[in-house]
Structures are given as structure tokens and as C-alpha cells.
Amino acid sequence: MSYRIDRRTMLRGMGAALALPALEAMLPAHAAAMEAPLRMAFLFVPNGVNVNEWFPKRTGFAFELPPILQPLEKFQDEILVISGLTHHAGRPNGDGPGDHARCASVFLTGTQPRKTSGAGIRVGVSVDQIAARHKGQETPLPSLELGCEPGRASGNCDSGYSCAYSSSISWSTPSTPLGKEVNPKLVFERLFSQGTRPSERRQRRGLQAVYQKSILDFVVEDARRLSRQLGGPDRRKLDEYLAGVRTVEQRISKLEQRTKEELGPQALAKPQGIPSDYREHLRVMADLLVTAFQSDLTRIATFMFANAGSNRSYRMVDVPEGHHSLSHHGNNAEKLAKIARINRFHVEQFAYLLDRLRSIPEGDGTLLDHCMIVYGSGIHDGNRHNNENLPIVLAGRGNGTIDPGRHLVVPPETPMTNLFLSMLDRFGVSIDWMGDSTGRLTGLTL
Amino acid sequence: MAMNDRFPVYASRPLLAAAVVLGVLGSFFAVGLAAADERPSTEGRALLEHFCGDCHFGEGAEGGVDFEKMMASPKVDPFIGPWEKSFNMVRAALMPPASEEQPTPEQRRAMVAWIDGQLARLDCSVKRPGRVTLRRLNRDEYNRTIRDLVGIDFRPADDFPSDDVGYGFDNIGDVLTLPPMLLEKYLRAAEEIVARALEDPQARKKIFICRPGPKLSKEACLRRILKHFASRAFRRPVTDEELERLVALARQVRQKGATDREALSITLQAVLVSPHFLFRVEKDPEPDDPDGIRALDDYEIASRLSYFLWSTMPDEQLFRLAAAGKLRRPDILRKEVRRMLADPRSEALVQNFAAQWLTLRRLERVQPDPARFPQFNDQLREDMLEETLAFFRYILRQDRSILDFLTAGYTFVNERLAKLYGIDGVRGEEFRKVKLPSQRRGVVTHASILTVTSNPTRTSPVSRGKWLMETILGTPPPPPPGNAAPLAEGKEAELLGTLRERLEQHRADPECATCHKQMDVLGFGLENFNPIGVWREKDGRFPIDASGELPGGITFGGPGELMTVLAEARRDDFCRGFTKKMLTYALGRGVVPEDRCTLESIRRQLEQGDYRFSVLIEAIVTSDPFLYRAAKPSGRGMME
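All of these numbers come straight from a predicted model, not from anything done at the bench.

Thresholds applied
Residues numbered from 1 in each chain as written. Chains lettered and ligands numbered in written order. Predicted model: local features only at pLDDT ≥ 70, side-chain atom pairs only at ≥ 80, totals over all residues. Helix = DSSP H or I, 4+ residues; strand = E, 2+ residues; numbered from the N terminus. Buried ≥ 20, exposed ≤ 12 C-beta atoms within 10 Å, placed from the backbone. Contact = placed C-beta atoms within 7 Å. Nonpolar A, V, L, I, M, F, W, Y, C, P; charged D, E, K, R; others polar. Expected span 1.5 Å × (residues − 1). Arc of directions from axis to C-beta. Pairing = 2+ DSSP bridges. Axes fitted to C-alpha atoms, helices over the stretch in contact; angles between N-to-C directions. Parallel < 35°, antiparallel > 145°, perpendicular 65-115°, else oblique. Left-handed = near helix turned anticlockwise from the far one by under 90°. Core = buried A, V, L, I, M, F, W, Y, C linked by C-beta atoms within 7 Å. pLDDT = per-residue confidence, 0-100.

(A) Structural context of the overall build of chain A. Across its full length, chain A holds 13 helices and 14 strands. Here chain A holds 446 residues, and the buried ones make up 58% of them. Here the analysis covers contacts within chain A between residues at least 6 apart in sequence; of these, 72% occur between residues at least 24 apart.

Put into C-alpha cells, the structure is as follows:
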């Protein structure tokens, strides 16, 4: 395949960057001098899990890792396995089938999506975007949305739900799914659009500061004038346009404030395209996420390992069947074993990400210490399509605000959004509620 | 007959004969209407009260269908949605639910006929054009528009995030959102497009339409250049005010120390990032006037035509006709359609409409198990796609009957595909027209379709049946109940017998049976084709039985006959479904119950025009929804 990426080249590049003695100098000044900034990421896997092999038997410390979670053994002291969280809004509640689309759009919003395959898509604002709205202006990119499968390109997505619902977990407004970038090359360009060499960056920043702002001022005026001549639904489209302009403006002004040393590892090689190997693809995306956090280009990210209801096959772990077809396992032992292999494969890639984060020293600890990473699915068991007791892992110490190393069991029907509120608190965003939240989640600390 | 009550409307031979006399062979609509004439109108009504009354009459009526209110209303307009819904549900035997008392086929026919009579009360002389939400250019439209605007074809939008899909297509206004990331991409793309355009001799010719000299000042020339470029980019004459603002922008950038060239570059970039370029603007004169209906102006029609048939901006001729105010004339519209379909740019209709209608874009991501199907590789994947696109292209270019999609005895293959199909004497890469073996008929038996409707390790008669109902018959089955039990597979499955036997056990549940009976009989008709479309006589150790019986007692012995039979018995369903898809794509919005008159009028035109492809396109382009615009959106789409 022509666009097969050479990830080794890239990793070599990154390795070189990490080996540079002046690494600390390249990091944002405050990373060394002040308390490290807190980062949050949300990782989504589709189709629920084999629940028999996911949930630990014992609670509290020193629990035994069940088979699917065993790849996390090295990180047992860094993770909190949480049982009992629920997405009530993922249930039909009168809307009938479509659990896959629902579970993805509910995953970070805790809000029931409006059932439509076209007109009037609507769910809630997702937790990452609430964070981005309040804190995103502190970094060049307010947030980063990653994935490995593009939005589905044809056909009905899931029982009358628009494809936007099953292919996007980040929503910046109730009607704006952010989609995600699946091409590592384009993620790289987005992160380092100012160029990777300081001289190149300086030059481009100069040009952009003068001219791009003129373009933006001009088109904003265009949009405002046009908006006055349009009806409601059309005006909303222009609002999306204006929100995009504001994001770009903010980014330009942020970059102007940075000194040249502040931006990212210089030796990071640019990925060439989408790797044909899925494992490679997941790992390159993880590398980019880590780089974005490390360079403080953003502090907020989402990552869809696959779209909701994905029917990808996993031959690398000897599963030729489609994941979604398999997930309707009917308690067949053979199928359950295969699902567990898929789940474990995903968890291995999660472990890879944690490994990368922990390998990067930052302040008096590692980058992972300054993270809150949620990993999980919006469905408990793919066969039952149920939304209680979701499989969720929270990794990282959240700058010392989380005590990991435990299996935390919360009361049945505890809204997942309660966890989000508690994370937002730690992130410095204090809001009263989101989605179906009923309060804060206690138990993240002892 | 067990299946008789599933599609009861086709059952009666005398009625069918009546339909033949009317010259509308096998027409479902005609059957329905004929029945309405023959029966006293009260019978259907009484039956409806009897069978549906418990849940759909008066206070607390379920599902938004209250027959009491609907029957009491002197006007049918406000209830066209619920009437249409009940028509479809009763006709498909999805209502009353399996757990309730069931009408006999006769009674069901009477109910359907009566509802049809209610729908027929809709006054089609009233315009109900519906409303299309402001559409931004999708990725492909952006690429093609840039190609035609500056004359360089380098696909700058391939790096943009993928466009969301609604109603099966990626050009739906409501679903085409604009995430902030996309705006960044627009800025970068504009920079690159203009940089390239100012280097490229061809593109320079399109942009620099004048040169400053003794007779033309620098500013006057710049003004001309900007007026020309912005008018084409905005797909309508730029206003004086807009032009002044563009000139002012160039001046302002110049004053900041930019060169003339840089100033021009920045201003052209601003045009390419302006909402007037990125969105297909159709203004509302009175934005919030709820009853306003407005005829689109000539430039708006030019854009509707060009984006429908070419996925790009209007060409010089369309602009000329728009300037002359001629594009609203039906004769001119028809002439333009014929010209545009003959133009190579109509390839966009193949790549965008056909590929999405037939769900061919899924081919990119199917992963047949290489252990079982070693012949399948990326090369064959491309061949499969090309076959179906070539077939669609032929029907379009030769202006064949759209019924060829169902029954054509020909297709297009190269050596690899010929081998897959067992056709001798085809050598080389080139695709050519060949006659098909008798069991392959129309697009449904193409390897592409048979592959996208299969699982990686086995065929799925259910998804093939569902695909046929959705894509070919335009009657998608409702989604399964959440607690549906899956199909047994693997060792356990062998004990249970053939796939057909297993599926029969699976649908013992009456809740599942209603829909599965319809889906499975169609899907099993295609079981002679394996998951990558190769003919087979056996599945594992079991011989394949691809015979079946359709509602109305119509039997078929295998896939070839199935397609022939469908083309007769379900012709109107196919035409109506195909029309809906094409209308959705043409308008960029979902089809709504209020579009009923439009659909019916197009159906008549198709019938009178031998089902030729161009007749359908011309009928759409001259319809009210294509030429008018309501200030208020209609209800939600009915194709959900």
C-alpha cells in the first residue's frame, strides 16, 4: 500500500527528541517551574465488553486484574477501575433501537440524543468541550479529537440515528459534533501548523499575525451581514462558522504569546498517512496525543478507538469475524472468548498510551501523574445493549487529586456524568450539573 | 397462504387485471386506487376503527396517530404525516402488532385502500416546496468547485474531516456541520489554492482578466479582477457593497506593507473563506415569515442544477442563462439537463449519487476473511466498485430504463471479474460489456453489492434482504426490538442445520417474524452467491435452496427469477424508492410526507416516459421543491 507509514522512523525521531539534553528547555516554562498543568483525555471503545472477564472480583486495593485488564498490570498502581457507573440517557427511554449510535453520543454528554437521521440533530455539550470552553483558551488548541475510523460514508447509521451520533463523542454545542481526525499526518500538521523549526515558525507567525487576521475580520463581517438575511436553521449554521473563526483567532493570539522555545519536540518526524495496520494506527495516534500533551499544545483530548457499532475484524488476535456481529454473542463461549481477545487488544493499546505518558518526566513526576484518562465503553454487554455498570477505567493521578490503585464500586445507577463533574472540578471548571448528573462522585480520593 | 397477508395488496388477480386495463401494469398505486373506487368508503373506515381503535383513537392515541382527530378534520393537510405512516404500516402488515387481532387479507386491502383515499384528498395544486437548510460545500463539491473556479485540479479538500451522512447522503444541509477544525482547514486550503493559482499559467488566465496600462488604472483593474473572481466564487453577481469591501481589504493589506501581489492573494483568500463561497446561500426575503414561499432566482437555480448533476459550480452557459433570466423556463431547464448529463462532469452523479445510493462506499472497508476467500484483495475490491459504477454510467449515458437496475442481462467486467463470474473469453484489465449468465440479473447480483451485504466469514441473508428492501424496494423494515436474539454460529450452529433452518428457528418469535419473513425470503433468493459474489451450489455441506415465494403467491426458483419477478410485482415500489433517493440527493434534504404530490407526479412522468433515466432527472428539476423555497421547514424526514 502506498500510504503505509514508517512508524519506526517517527519513533526514532521522537526518541531522539527525548534524548536531547535540552528537553526541559523545550517544555513550556511553567512545566518545570510551576505546578504542571492538568490534562484530561477520554478514550472510547465500541460494542461493550465481555463482562465476565472485565470486572475485578475484589474491591479496594490489591484487587486481582481480570484477563482483559491484565495488560495494565504494570500500571495497577496508576489506575482506578470503576464499576457501577451508568448512562441512563443511553437507554431507549421510548426511542426504540439504536443503542450504538446512542451510546457514543451519550458517552461524554450524558444526554439523550434526538432520534433523527438528518434534520435537527441534537444531544448535549460533551465534558471535554465544557472543559475546552472554560480552559481551552490557555493552549493553542482548545482540544484535540482523534479516531481511527472516519465517519461512515453511506447508508443509515443505526436504526434512524444520524451517522454523526455514532462517529462523534465530542460535541461543542448540542448540535455540533466535532468529528475527529483519523489521519496521523493531518493531526501532525494541525499540531505543528506553524512549522516544526523555530525559524519557520517565527516567519509564518509574522505573516499570519498581519494577514490572516485581516481575512478573518473580513469574513466575520460577511457572516454577520448574511446572518441578518437568513432564517433560524440557516443562522445556526453561520453560528458554527463564527465559532470556528473565534477558535482560530484565539489560536493565533496564543501562539503570538509563546516564545520559540516553547513549542514541541523539534525532531518529531511527520507521519506519512494512515497506517494499514490497525495496531500501528492506534499507536501513532497515541503518540500524537502524548506529544500534544507533552508540548502543552492542548490539555484536552478525545480518542475513539473505533466508531460505535464498528464491525471491524481483528485478525491480529485471530478473530476474523466482525466485532459488532460477534458482540451479539448469545452467551456462546466461543464468541465470548473472541470478544475478550478484542477487548484485551484494545486494552493493550491503552497500556501503550499509559506507558508513553509515564516515560516522560515532568516536574517532580511523570506526565501520567498530571493526567486524568478515562477509558471505556458506553455499553456494558454488547449482547444485552445495556447501559448500566459500564466498563470504565480512570488512569493517572490528576496532579495528586486522585488515589489510584483501587477497584472502586459505586452505587448502582450512579450517573457517569457525576464522574465528569468531579473531573471538571479538578480541572478548575466548577459547574452545577451536566447531562443527567445528580452530584459529584465520591471515592476518587481516600 | 402464510405470506399472503404480508403484502395483501398484490394478491387479487381481478384487481391486477383492472390495473392492466388502466395501462399501469403491476402498479401498486393503481391497485390501491382501483380498490378505493370499488368499495364503499365506509367499510375501510369501520375496519380501521375496529382494528386500530384501541390504541389510535382519541385521548392518549399512540405514536402520533389519532384516527379520531384525523378523520374529523375537514382538511387532510395537517395530518399527511400520520396518514402516510399508517398507510405504510398497515400495508406492510407491521400494524396491527402481531400480538393483536389481525385483519384478513381482504380486510387489510380495504383498510389500505381507504387510507389511500384519504391521502388522495391532498390538494396537489398547492405548492409545498419544503425548505432546504443552508448547505456548505461538502469535500467533493469543494474539490470540484475549486477545480472549475481556478482551473487546477489538486483536491485540496481531501485533508478535510469527512462529512457526516444523513438520509444516506453526504450533501444534506442539516447534517453538514462546520466544526472549528474545518475552519482552520479552509484557511490553509485558501492559502494554498491562491498560492498555486498565482503560479499556474492556466489559472492566471482565469484570474487576471485585465492588465493595468495607460487606459486602465491599477485600482480599476484590481476591481475588475475581484469582481470577476468573487462573482464566480459566490455563484452570482457580487454586489457593489461587497466589491467595495473587497477593494478596501486589498488596500488595507497593502498599507500594512504587503506587495500588490500579496494584497491580491490575501483578498482572493478572503473570498475563498467567505460564507458566500463555502455555503450555497439561498436567502429568505422575509426570514421568519412562516407562510412565505418564494421562487428561487435564476442564479440559485443554476447552482441547484450544477451541484445536483455535476457536484460543482455552474459553468459559463448556466451563468449566461441565469443572467438572461431564462432558467425558470421548463423547456430551457430540460434542454440544460440533457446538455449537462452529456457533459463529462456528470460523472459526479456516478461517483456521488450512485456510490451512496448503492452503499458502495462501504466496499472500502469490508474485510472478507482471507482464509476463506483468498481471491479477495484490494485489486478485486476496486474491480467490483468499477463494475457497478460502469453499469450505472451506462444506464445514465445511454438513457436506458431505470428498470435495467433490476433486470439487465448485461454488465461490465474485466478479466478478474469475468473469472469470478465464470464468464469465458475476457482478457485484460479493460472493462467491457458482456452478457450475464441467466442467474445474474441487474445490479443486485453484482459482486460489489453481494460483498457489502455479507459478514466477513459468511453471507447474511438478513442483511441482503434488508438491503433489498431499503435500497431497491424503498420500504426499509423497522429496526429490530432491542432484545432480539442473535443467530447461532460455529460448532453449535452445525447441529442446528442449514442457515435457512437456523433463521427459521430464529424467527419463531412472532415479534421478529413479521419483518424477517419479508427480509429473509429476499435474502435467501441470493444465497447462491457466496460472501464475495461467487456462484455456489452448496454452503458448507448443505445444498442451497434459493427458491421462495413472495406475497401474492408469486414464486421464484432462484436469483435470476427473483429479480424478474420483483421488476414486475414491485415496479412502483422500486421507482418510488429510487425517486425518493434521487430527490433527497438533488435537494439536500430528507423527503417528507408533504412531498407526496411531487413524488406522485414524478411517478406518472416516469411511467409515461418508458422509465428513462433522463425523464426522472427532468421531472425532479422541474418540480416545485427544486424551483421554490418555503421560509419554514417541513416536518421531519420520513425516510428515517
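Having seen the model, we can carry on.
(B) Representation of the overall build of chain B in the model. Within chain B, the regular secondary structure consists of 30 helices and ten strands. Across the 640 residues of chain B, 48% fall into the buried class. Taking as baseline every contact in chain B between residues at least 6 positions apart, the subset at least 24 positions apart corresponds to 68%.

(C) Looking closely at the environment of A:Asp99. Structurally, A:Asp99 is set in helix H4 (residues 99-107). When the C-alpha positions of A:Asp99 and A:Glu145 are compared, they lie 22 Å apart, and in sequence the two are 46 residues distant.

(D) Molecular detail of the interface of chain A and chain B. Contacts between the two partners involve 64 residues from chain A and, on the opposite side, 64 residues from chain B. Secondary structure elements with two or more residues in the side of chain A that touches chain B: helix H6 (163-167), strand S6 (176-177), helix H8 (198-227), helix H9 (232-257) and strand S9 (319-322) of chain A. Residue contributions to the side of chain A that touches chain B peak at eleven residues, all from H9(A). In terms of residue class, the side of chain A that touches chain B is built from 26 nonpolar, 29 polar and nine charged.

(E) Representation of helix H28 (residues 596-608) of chain B in the model. Residues and elements named next belong to chain B. The terminal C-alpha atoms of H28, which comprises 13 residues, lie 19 Å apart, in line with the 18 Å expected from a rise of 1.5 Å per residue. Three or more residues of H28 are buried, namely Thr-598, Ile-602 and Leu-606. Angular distribution of buried residues about the axis of H28 spans 70°; they occupy a single face of the element. For H28, the secondary structure elements touched by its buried residues are helix H27 (571-587), helix H29 (613-621) and helix H30 (624-627).

(F) How the structure looks around the environment of B:Gly325. As for its position among the elements, B:Gly325 is in the loop between helix H15 (316-323) and helix H16 (330-342). A C-alpha to C-alpha distance of 19 Å links B:Gly325 and B:His228, two positions 97 residues apart in sequence.

(G) Molecular detail of the sheet that holds strand S7 (residues 300-304) of chain A. Residues and elements named next belong to chain A. Ordered in space as S2-S14-S3-S13-S12-S1-S7-S4, the eight strands form an open sheet in which the pairing is mixed. Of all strands in the sheet, those bounded by a partner on one side alone are strand S2 (60-61) and strand S4 (144-147). Here helix H5 (residues 127-135) sits on the sheet and contacts strand S1 (39-44) and S7; the angle it forms with S7, its principal contact strand, is near 155°. Taken strand by strand, helix H13 (residues 416-427) contacts S1, strand S3 (79-86), strand S12 (371-376) and strand S14 (406-415), and its axis lies near 120° from that of S14.

(H) Structural view of the packing of helix H10 (residues 278-294) of chain A against helix H12 (residues 333-358) of chain A. All names here are of chain A. Closest axis-to-axis distance for the H10/H12 pair is 10 Å, and the angle between their directions is 30°. With respect to their mutual orientation, H10 and H12 come out roughly parallel. Judged by the sense of rotation from one axis to the other, the crossing of H10 with H12 is right-handed. For the pair formed by H10 and H12, the contact residues are Arg-279, Leu-282, Arg-283, Ala-286, Asp-287, Leu-289 and Val-290 on the first element and Gln-349, Tyr-352, Leu-353, Arg-356 and Leu-357 on the second.

(I) H13(A), seen in detail. Residue and element names in this part refer to chain A. For H13, spanning twelve residues, the distance from its first C-alpha to its last is 17 Å, which sits close to the expected 16 Å at 1.5 Å a residue. Of all twelve residues in H13, ten are buried, a share of seventy percent or more. Among all positions in H13, only Met-416, Thr-417, Asn-418, Leu-419, Phe-420, Leu-421, Ser-422, Met-423, Leu-424 and Phe-427 are buried. Residues of H13 that are buried sit in contact with S1, S3, H5, S12 and S14. In the segment just after H13, Gly-428 is the residue with positive phi, at about 85°.

(J) How the structure looks around the nonpolar core. By size, the foremost hydrophobic cluster in this structure holds 204 residues, and its most contacted members are A:Leu43, A:Leu289, B:Leu616 and B:Ile620. Of all the elements, H12(A) adds the most residues to this core, at ten residues. Here B:Leu616 is in contact with B:Ile402, B:Thr579, B:Met582, B:Ile602 and B:Leu606, once residues within four sequence places are set aside. A:Ile215, B:Ala190, B:Phe229 and B:Leu264 belong to the second-largest nonpolar core, a separate cluster that totals 55 residues.

(K) Summary view of the packing of H27(B) against H28(B). Residues and elements named next belong to chain B. Two elements in contact, H27 and H28, have axes separated by 10 Å at closest approach and are oriented at 120°. Taken together, the axis directions place H27 and H28 in an arrangement best described as oblique. The element H27 and its partner H28 pack so that their crossing is right-handed. Within the contact between the two elements, H27 uses Asp-572, Cys-575, Arg-576, Thr-579 and Lys-580 and H28 uses Leu-599, Ile-602, Arg-603 and Leu-606. Looking at side-chain class alone, the contact of H27 with H28 contains four nonpolar, one polar and four charged residues.

(L) The arrangement of the pairing of S4(A) in detail. Residues and elements named next belong to chain A. Burial along S4 is two-sided: Leu-144 and Leu-146 and Glu-145 and Gly-147, pointing in opposite directions, are all buried. Pairing of S4 with S7, which is carried by four bridges, proceeds in the parallel orientation. Residue pairing in the sheet places Gly-147 in a bridge with Met-304 of S7.

(M) Region of the structure containing the environment of B:Asp284. Within the secondary structure, B:Asp284 is located in the loop between strand S2 (279-280) and strand S3 (293-295). For the pair B:Asp284 and B:Arg294, spaced ten residues apart in sequence, the C-alpha to C-alpha distance is 8.0 Å. In contact with B:Asp284, not counting residues within four places along its chain, are A:Leu230, A:Gly231 and B:Ala631.

(N) Layout of the confidence of the model for chain B. Residue and element names in this part refer to chain B. Confidence along chain B averages 86 in pLDDT terms, with 87% of residues attaining 70 or more. Across residues 488-494, confidence stays below pLDDT 50; counting only partners more than four residues off in sequence or on other chains, it has eight contacts. For residues 635-640, every residue scores under 50 in pLDDT, and the model assigns this stretch 24 contacts once sequence neighbours within four places are set aside. Interface scoring of the predicted complex returns ipTM 0.83; its pTM is 0.77.

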